[in-house]
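Analysis of the macromolecular model
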Amino acid sequence: MEDLGYGIVGCGRVSTRHMDAIEHGPGMRLVAVADREFERADGIAAGRKPKPTAYQDYHDLLTDPAVDVVVVCLPSQLHAEATVAAANAGKHIYCEKVMASTVNEARAMIRAADANGVKLMIGHSTRYHSAYMQARRLIEAGEIGEVIAVDGAFPTRADLPGSVRPTFWGIKAGARGHGVVMNFGCHYADTARYLCGEEFAQVGAYITNRFSQGQAPEDQFVVTAVCASQAIVTIGQYGQVDYVPSRNTGFTIYGSAGTLEAFYQPDAVAVKRAGDDTYTQVAFDEDIVAEGPWERLHRGLRQAIEDDTEPSVTGTDGLRNIEWALGAYLANERREWMDLPLAEQYWDYAGPTREHSLPIARGWEHGDA
Amino acid sequence: METLGYGVIGCGRVSKRHMDAAEQIDGAQLVAVADANLEKAREIAGQRESKPKAYQDYHDLLADGKVDVAVVCVPTQLHAEATIAAADAGKHIYCEKAMASTLKECRDMIAAADDSNIKLTIGQSTRFHGAFQQARRLIEAGQIGEVISVDGAFPTGATLAENVPPDFWRFKAGAQGHGYVVNFGCHYIDTARYICGQDPRHVSAFIANRYSAGQIPEDQFVITCVCDGQAIITIGLYGAPVYTNAPNTGFTVYGSEGVLEAYYRPDGLTLKRGSEEATPIEIDADLRGTDPWLRFHTAFRRCIEEDAAPPVTGRDGMLNLEWAMAAYLANERRAWMDLPLGPEFYEYGGPKLYETVQVAEE
């Protein structure tokens, strides 16, 4: 496989994972990085071997012919602009989650990729955690019959971790819809869709801010989505004052012929078939543990480019995940179920306005990503 | 403690537990049973050690001077009539869950008990399971801080158990609102309310019949409610064609400072505080080795003795039914319902579920 050149747009905290994955990935070579804060881009480039070219303006990175694949790590509200520009420059794109702020933005990204004949992948890495991959394999093998319900529970901290500055773009005033429903929920929704193997038809939600007034836009949610088969996906995030890393963080999947527990555990999932007395631990397959989620995503995209096939997480996946989140915000505001996919009248909806509960300075400071 | 006479009205499957309790607890004696089928009443009375009197008409049982406490085990749609008659006859009442078919019936039952100054309790026995009682104690002691969320998951069978006749009253045509939401859900919401010490204010629901069309009214639901103290209670019932009996059937309770797991199985209680490992919690000695019905009847007998509030009040039974009715309404309307439900819903008896249920008339 020929080496393709990779360019990273945005040198925030997540970009390191991509650089690591690219440097170790077959057929990939890190050739460029860009950050609005040039010293930062240059400093990060200097730490890599061989040293990629550092750019301040990502448009310059997009005109660099050494770049074949662009990894978009900017704040979510800039994903659409950067992705469309990259597609128009003929680059394949790996865009971080959350895909975009609105349905219209996500659709424009998909259209731009299609029009330019480039691959677009969205960085939903959570589905590739070993437990979830193993769970999906067991479900596909019919171990629990049809999926009846997916119950995801995610305790987390209600306030900002000490390492996150209060001006972090992910929770800033003006960055609408960027609470935990969007930022974390889109991963859980993606993983649930992957586990069920089907799409949501309607969504209902309760979302609140109980402990984190003035810090995060919301700290608690329970979002229920129902699929066409009537499979029910409930995802709860419970922000705690003192975070308790619960051992059963993850998904319990109830099937017509068994139950599966897929938690963030190191080496196994648990399956119980009808008639069994207890759960059986099913160790992760070797090929699953051989590779981390980011390595898997990048290798998948590289293979999709090579074979000219669909990436493993498509733009449509990213769109369905933000529709789940935006549908949840709407359902909570309107106190009613929302049909999915969202109707056209909601395509510019970007989530609730957060300004009132967030006394945080306006404007985006790039260095904080 | 003086011995009170217990009369059991309705000799169906649940009545045995109450007869056992009336024969076993202090200060109680089983003195009478009644069933519309007199032969059945006689047969069951004949099997009991205490040789209670058998009646066909429960009004005759209520006129029996030996009966101090009436245990109402007739089908739900007859609870109000029997409970009000018992209250008017001056009997204390243990009425099985679900309390009644409508909120109006519940209100009438509570008013009748108040007027006659007798004790009324509703048979929400699930909260008396050891793991759930212990969970409540730990929460009251502040072990997990404030309750953020109660997540209850109940896998069950989607079809009728083989030992349940298809004309079982719960599932019969015309018995509205008697699907799993009312029949099982009222236990789960009662237990969740008990564990978190809060009452629902908004209810949202998805209710479906996926596998059991023609047998039971509904076999799947997820009902989410938000409580007066901001706790979120999610209760899911997942009916499978082949029942899996998952070991984690019960509640996970997320608090501001810890997580509690309270499952049905004997070792089903664990506590996790902060970054500690989850620790199995032993059930207190007084909650061990006694079945929920005995514990419940003991507590009810004591409240009569002490003229105190019953362990489960008529209001509790009504709030549980209100949650179920709000869930049916929320599902039909695809919108949240606020609690308490307004007077326009007092006579709402749940959806007409039996258009899909093909059950032979008796």
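Cut-offs and rules
Residues numbered from 1 in each chain as written. Chains lettered and ligands numbered in written order. Predicted model: local features only at pLDDT ≥ 70, side-chain atom pairs only at ≥ 80, totals over all residues. Helix = DSSP H or I, 4+ residues; strand = E, 2+ residues; numbered from the N terminus. Rg over C-alpha atoms; globule rule 2.2 N^0.38 Å. Buried ≥ 20, exposed ≤ 12 C-beta atoms within 10 Å, placed from the backbone. Contact = placed C-beta atoms within 7 Å. Domains from an automatic or database assignment. Pairing = 2+ DSSP bridges. Axes fitted to C-alpha atoms, helices over the stretch in contact; angles between N-to-C directions. Expected span 1.5 Å × (residues − 1). Nonpolar A, V, L, I, M, F, W, Y, C, P; charged D, E, K, R; others polar. Core = buried A, V, L, I, M, F, W, Y, C linked by C-beta atoms within 7 Å. Parallel < 35°, antiparallel > 145°, perpendicular 65-115°, else oblique. Left-handed = near helix turned anticlockwise from the far one by under 90°. pLDDT = per-residue confidence, 0-100.

**Examining the overall build of chain B**
- Along the backbone of chain B there are ten helices and 15 strands.
- In summary, chain B has a C-alpha radius of gyration of 20 Å against a globular reference of 21 Å for 362 residues, a match within 12%.
- Taken over the C-alpha atoms alone, chain B extends approximately 60 × 50 × 40 Å along its principal axes.
- Within chain B, the fraction of its 362 residues that count as buried is 55%.
- Sequence-distant contacts, at least 24 apart, represent 69% of the contacts inside chain B between residues at least 6 apart.

**Considerations on the overall build of chain A**
- Broken down by element type, chain A carries eleven helices and 15 strands.
- Within chain A, the fraction of its 369 residues that count as buried is 56%.

**Digging into the domain arrangement of chain A**
Residue and element names in this part refer to chain A.
- As far as domains go, chain A holds domain 1 (4-126 + 292-313) and domain 2 (127-290 + 320-357).
- Distance from the C-alpha centre of domain 1 to the C-alpha centre of domain 2: 25 Å.
- For the side of domain 1 that touches domain 2, the elements supplying multiple residues, two or more each, are helix H5 (103-116) and helix H10 (293-307).

**Notes on the sheet that holds strand E14 (residues 280-283) of chain A**
Residues and elements named next belong to chain A.
- Spatial strand order, E14-E13-E12-E11-E7-E10-E9-E8-E15: nine strands in an open sheet with mixed pairing. If you trace the sheet from one side to the other, it starts and ends with E14 and strand E15 (338-339), each paired once.
- With six bridges joining them, strand E7 (residues 147-157) and strand E11 (residues 250-255) adopt antiparallel strand pairing. Opposite Ala149, over in E11, you have Tyr254 as the bridge partner.
- Packed onto the sheet, helix H6 (residues 130-140) meets E7, E11, strand E12 (258-263), strand E13 (268-273) and E14 and runs at close to 160 degrees relative to E12.

**Comments concerning the environment of Arg296 of chain A**
Residue and element names in this part refer to chain A.
- In this structure, Arg296 sits in helix H10.
- The buried category is assigned to Arg296, around which 21 C-beta atoms lie within 10 Å.
- Sequence spacing of Arg296 and Gly25 is 271 residues, and the spatial spacing of their C-alpha atoms is 9.1 Å.
- In this view, Arg296 contacts Tyr128 and Glu291; residues no more than four positions away in its chain are not counted.

**What to know about the domain arrangement of chain B**
All names here are of chain B.
- As far as domains go, chain B holds domain 1 (4-126 + 292-312) and domain 2 (128-284 + 319-340 + 349-355).
- A straight line from the C-alpha centre of domain 1 to that of domain 2 covers 26 Å.
- Counting residues at the interface gives 17 residues for domain 1, matched by 19 residues for domain 2.
- Mapped onto the side of domain 1 that touches domain 2, the elements with two or more residues apiece are helix H5 (103-116) and helix H9 (292-306).

**Topic: the pairing of strand E7 (residues 147-157) of chain B**
All names here are of chain B.
- When you tally the buried positions in E7, you get ten out of eleven residues, the bulk of the element.
- Inspection of the sheet shows E7 paired to strand E11 (residues 250-255) by six bridges, in the antiparallel sense. Along E11, the bridge assignment pairs Asp151 with Thr252.
- As defined by bridge partners, E7 adjoins strand E10 (residues 232-240) across nine bridges and the pair is classed as parallel. For Pro155, the partnering residue across the bridge sits in E10 and is Tyr238.

**Observations regarding the sheet that holds strand E6 (residues 120-123) of chain A**
Residue and element names in this part refer to chain A.
- Overall, parallel pairing links the six strands, which are arranged E3-E2-E1-E4-E5-E6 in an open sheet. For this open sheet the edge positions go to strand E3 (53-55) and E6, each flanked by a neighbour on one side alone. The mean angle between the axes of side-by-side strands here comes to 25 degrees, regardless of whether they run parallel or antiparallel.
- Where strand E1 (residues 4-9) and strand E4 (residues 69-72) come together, four bridges link them in parallel fashion. Paired with Tyr6 across the strands is Val69, a residue of E4.
- Against the sheet, helix H2 (residues 38-46) contacts strand E2 (28-34) and E3, and its axis sits at roughly 165 degrees relative to E3.

**Some details on H10 of chain A**
Residue and element names in this part refer to chain A.
- Given a rise of 1.5 Å per residue, 15 residues ought to cover 21 Å, and the 21 Å separating the end C-alpha atoms of H10 matches this to within 8%.
- Looking at the buried positions of H10, the neighbouring elements they touch are E1, helix H1 (15-24), E2, strand E5 (92-96) and E6.
- Looking one or two places after H10, you find Asp308, whose phi comes out positive at around 55 degrees.

**Thoughts on the interface of chain B and chain A**
- Taken together, the contacts link 41 residues of chain B with 41 residues of chain A.
- At the level of secondary structure, the elements contributing two or more residues to the side of chain B that touches chain A comprise E7, strand E8 (200-208), strand E9 (220-227), E10, E11, strand E12 (258-263) and strand E13 (269-273) of chain B.
- Broken down by class, the residue content of the side of chain B that touches chain A amounts to 20 nonpolar, 15 polar and six charged.

**Regarding the nonpolar core**
- Judged by nonpolar contacts, the single largest core of 232 residues is most densely connected at Val9 and Ile253 of chain A together with Ile9, Val203, Val253 and Ala327 of chain B.
- Per-element accounting of this core gives the leading share, ten residues, to helix H10 (residues 314-333) of chain B.
- When neighbours within four sequence positions are excluded, Ile9 of chain B is seen to be in contact with Ala34, Tyr58, Leu61, Ala70, Val71, Val72, Cys73, Val74 and Ala82 of chain B.

**Looking at the pairing of E13 of chain A**
All names here are of chain A.
- Relative to E13, E12 is paired through four bridges, and the arrangement is antiparallel. Counted as the bridge partner of Glu261 is Ala270 from E13.
- Count of turn residues in the E12/E13 antiparallel hairpin: four residues.
- Taken together, the four bridges between E13 and E14 define a ladder with antiparallel strand orientation. Within the sheet, the bridge partner assigned to Ala268 lies in E14 and is Ala283.
- If you look at the hairpin formed by E13 and E14, you'll find six residues sitting between the two strands, and Gly275 has a positive phi there, around 95 degrees.

**Points about the packing of helix H1 (residues 15-24) of chain B against H9 of chain B**
All names here are of chain B.
- Orientation of H1 relative to H9, taken along the N-to-C sense of each, is 55 degrees, at an axis distance of 9 Å. With respect to each other, H1 and H9 are oriented oblique. Where H1 crosses over H9, the handedness of that crossing is right-handed. Touching Arg17, His18, Ala21 and Gln24 of H1 are Trp293, Leu294 and His297, all from H9.

**Focus: unusual backbone geometry**
- Cis geometry is found at the peptide bond from Lys97 of chain B to Ala98 of chain B, where omega equals -20 degrees.
- When you line up the elements, Ala98 of chain B lands in the loop between strand E5 (92-96) and H5.
- Between Leu339 of chain B and Pro340 of chain B the backbone carries a cis peptide bond, its omega angle lying at -5 degrees.
- Checked against the element boundaries, Pro340 of chain B lands in the segment after strand E15 (337-338).
- The phi angle at Asp308 of chain A is positive, at roughly 55 degrees, despite the residue not being glycine.

**Structural notes on the confidence of the model for chain A**
- Taken over all residues, the pLDDT of chain A has a mean of 89, while the share at 70 or more is 89%.
- Of the regions scoring below 50 in pLDDT, residues 355-369 of chain A engages in 33 contacts with residues more than four places distant in sequence or in other chains.

**Points about the environment of Leu319 of chain A**
Residues and elements named next belong to chain A.
- Tracing the backbone shows Leu319 in helix H11 (residues 315-334).
- For Leu319, a count of 21 C-beta atoms within 10 Å translates into the label buried.
- Measuring from C-alpha to C-alpha, the distance between Leu319 and Ile122 comes to 9.3 Å, with 197 residues separating the pair along the chain.
- Contact partners of Leu319, with chain neighbours within four places excluded, come to Met99, Val103, Ala106, Arg107 and Ile110.

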